[in-house]
Amino acid sequence: MYSETSNFVNATDNAFFFIIGVSVIFLLGITGTLIYFIFRYNKKRNPVATQIHGSNTLEVVWTVIPTILVIIMFFYGWAGYSPMRKAPEDAMKITATARMWSWSFEYPNGIKTDTLYVPLDKPVALALNSLDVIHSFYIPAFRVKEDMVPGRGNKTWFIAQKEGAYELFCTEYCGLSHSYMFTEVKVLPQKDFDAWYAMMADTTRKPAESGNPVAEGKRLVEKNGCVACHSADGTKIVGPTFKGVYGHKVLVETDGKEREVLADDEYIKRSIYDPNADVVKGFAKGVMVSYKSQLSDEDVSKIIEYLKTLQ
Ligand code: CUA
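The following paragraphs examine the structure supplied in this document.

Rules and cut-offs
- Residues numbered from 1 in each chain as written.
- Predicted model: local features only at pLDDT ≥ 70, side-chain atom pairs only at ≥ 80, totals over all residues.
- Heavy atoms only, no water.
- Salt bridge = Lys/Arg side-chain N within 4 Å of Asp/Glu carboxyl O.
- Helix = DSSP H or I, 4+ residues; strand = E, 2+ residues; numbered from the N terminus.
- Phe/Tyr/Trp six-rings, centres within 6.5 Å; stacked < 30°, edge-to-face > 60°.
- Buried < 20%, exposed > 50% of the residue type's maximum accessible area, 1.4 Å probe, protein only.
- Lys NZ or Arg CZ within 6 Å of the ring centre and 35° of its normal.
- 1 Å grid on protein atoms, 1.4 Å probe; cavity = no way out; pocket = protein on both sides within 12 Å on 5 of 7 lines; lining within 4 Å.
- Points joined across faces, edges and corners; volume = space filled by probe spheres on them.
- Nonpolar A, V, L, I, M, F, W, Y, C, P; charged D, E, K, R; others polar.
- Domains from an automatic or database assignment.
- Pairing = 2+ DSSP bridges.
- Axes fitted to C-alpha atoms, helices over the stretch in contact; angles between N-to-C directions.

### What to know about the pattern of salt bridges
Step number 1: Considering all chains together, one arrives at twelve salt bridges under this definition.
Step number 2: A salt bridge links Lys-218 to Glu-222; the shortest N-O distance between them is 3.2 Å. Within this pair, Lys-218 and its partner Glu-222 are both found in helix α5 (residues 213–223), separated by four residues, close to a single helical turn.
Step number 3: Ionic pairing is found between Lys-302 and Glu-298, a salt bridge with its closest N-O pair at 3.6 Å. In this pair, Lys-302 and Glu-298 both sit in helix α7 (residues 297–308), four residues apart, roughly one turn of the helix.

Structure, rendered in structure tokens:
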């Protein structure tokens, strides 16, 4: 039925192609005239310059035509932009939270993911929050783009009209790892979405039954976007790797002084709650913010269980 990936594709593309079309016509027209005049009015062909003192016709033509053109541009722009401002009442409400440098999406039933899942052909309204600096929520395939300003509470919405996975990334330079701040939006048919939603709700509601602290620690680390900066396989990204940390000696800088500490439970906890207290040598201070409001003591102990397995 639809060929566009979202309900905003047509209007956005129309405005874009109209503006590009007009710009190309003017570029060719002006360049062509310029080249013609170089030959037609050079010194050999036209030794005596003609002085022109104003032309009402010309003035009117080059005022009226561009005015009409920009009014048409405004019309296309407004027609496309205005529906983006108001989400339908029945839209599914999801909260998107950005922080340096990861995404988190919270659904009406309380589950959280680091990839955005949405049902096909259903309006989805997003509340956009930032926990630190200005980020920007961007899904190019859907023509959806909105800044996430701390304390501002911006919103956006869309209807995904084609099944598939599409890029979702931050498009406002937000510091060192801005370029790592990407994820995906997965569009599932309603039936598959409902199944996924119920499955996720189950695992969230019964943490004791899923029971395995290592698996849960791993899930927490993925869900909170830690893996954007910390690898599990020894690769150096923005922060130190998780591999081989637990139970080993680490060289850190504390209050400007180097010291060696043992990476035990207490050290891991401090690194999560107060990441700039001990900064591992070779890494920058101030890159990570505290996760105290996101991760409980229990969450941290699960993460520690997971880290113990990465030797
Ligand atoms: Cu967040 Cu760039």
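Picking up after the structure, the text goes on.
### Some words on the packing of aromatic side chains
Step number 1: Taken as a whole and assessed by the stated rule, the structure comprises 19 aromatic pairs.
Step number 2: Their ring planes at 80 degrees and their centres at 5.9 Å tell us that Trp-103 and Phe-137 sit as a pair that is edge-to-face. With a gap of 34 residues between them, Trp-103 in strand β2 (residues 102–106) and Phe-137 in strand β6 (residues 135–139) connect regions that are remote in the sequence. Judged on exposure class, the residue Trp-103 and its partner Phe-137 are both buried.
Step number 3: Through pairs of rings, three or more aromatic residues link up here, namely Tyr-107, Tyr-117, Phe-193, Trp-196 and Tyr-197.
Step number 4: In this structure, Arg-99 is placed above the aromatic ring of Tyr-291, and the distance from its NZ or CZ to the ring centre is 3.7 Å.
Step number 5: Taking NZ or CZ as reference, Lys-236 lies 4.7 Å from the ring centre of Phe-283, over its face.

### Quick notes on the layout of surface pockets
If a probe as big as a water molecule is rolled over the atoms, it shows which places are left empty.
Step number 1: Taken as a whole, the largest pocket holds about 740 Å³ of empty space.
Step number 2: Looking at the lining of the largest pocket, the elements that each hand over two or more residues are α6 (265–273), β13 (278–280) and α7.
Step number 3: Residues that form the lining of the largest pocket fall into these classes: 26 nonpolar, eight polar and one charged.
Step number 4: The space that makes up the second largest pocket amounts to roughly 500 Å³.
Step number 5: Forming the walls of the second largest pocket are 27 residues, and the residues nearest its centre are Lys-112, Leu-220, Lys-223, Asn-224 and Gln-294.
Step number 6: Of all the secondary structure elements, the ones that give two or more residues to the lining of the second largest pocket are β1 (92–99), β2, α3 (190–205), α5 and α7.
Step number 7: It is β2 that contributes the most residues to the lining of the second largest pocket, five residues altogether.
Step number 8: Residue contributions to the lining of the second largest pocket reach at least three from each of two domains, namely domain 2 (92–205) and domain 3 (213–308).

### Here we look at the sheet that holds strand β11 (residues 249–254)
Step number 1: Pairing within the open sheet is antiparallel, and its three strands lie in the order β12-β11-β13. Either end of the sheet is taken by a strand with one partner, and the two such strands are β12 (257–262) and β13. Pairs of neighbouring strands in the sheet enclose a mean axial angle of 45 degrees, with direction left out of account.
Step number 2: Across three bridges, the pairing between β11 and β13 is antiparallel. Its bridge partner lying in β13, Val-252 is registered against Val-280.

### Re the sheet that holds strand β7 (residues 144–148)
Step number 1: The strand order across the open sheet built from five strands is β4-β10-β9-β6-β7, with neighbouring strands paired in mixed fashion. Looking at the sheet topology across the chains shown, the edges are occupied by β4 (116–119) and β7. Sheet twist, expressed as the mean angle between neighbouring strand axes with direction ignored, is 20 degrees.
Step number 2: Bridge count for β6 against strand β9 (residues 164–170) is two bridges, and the pairing is antiparallel. Bridged to Tyr-138 within β9 is Phe-169.

Purely geometric numbers; function is a separate question.
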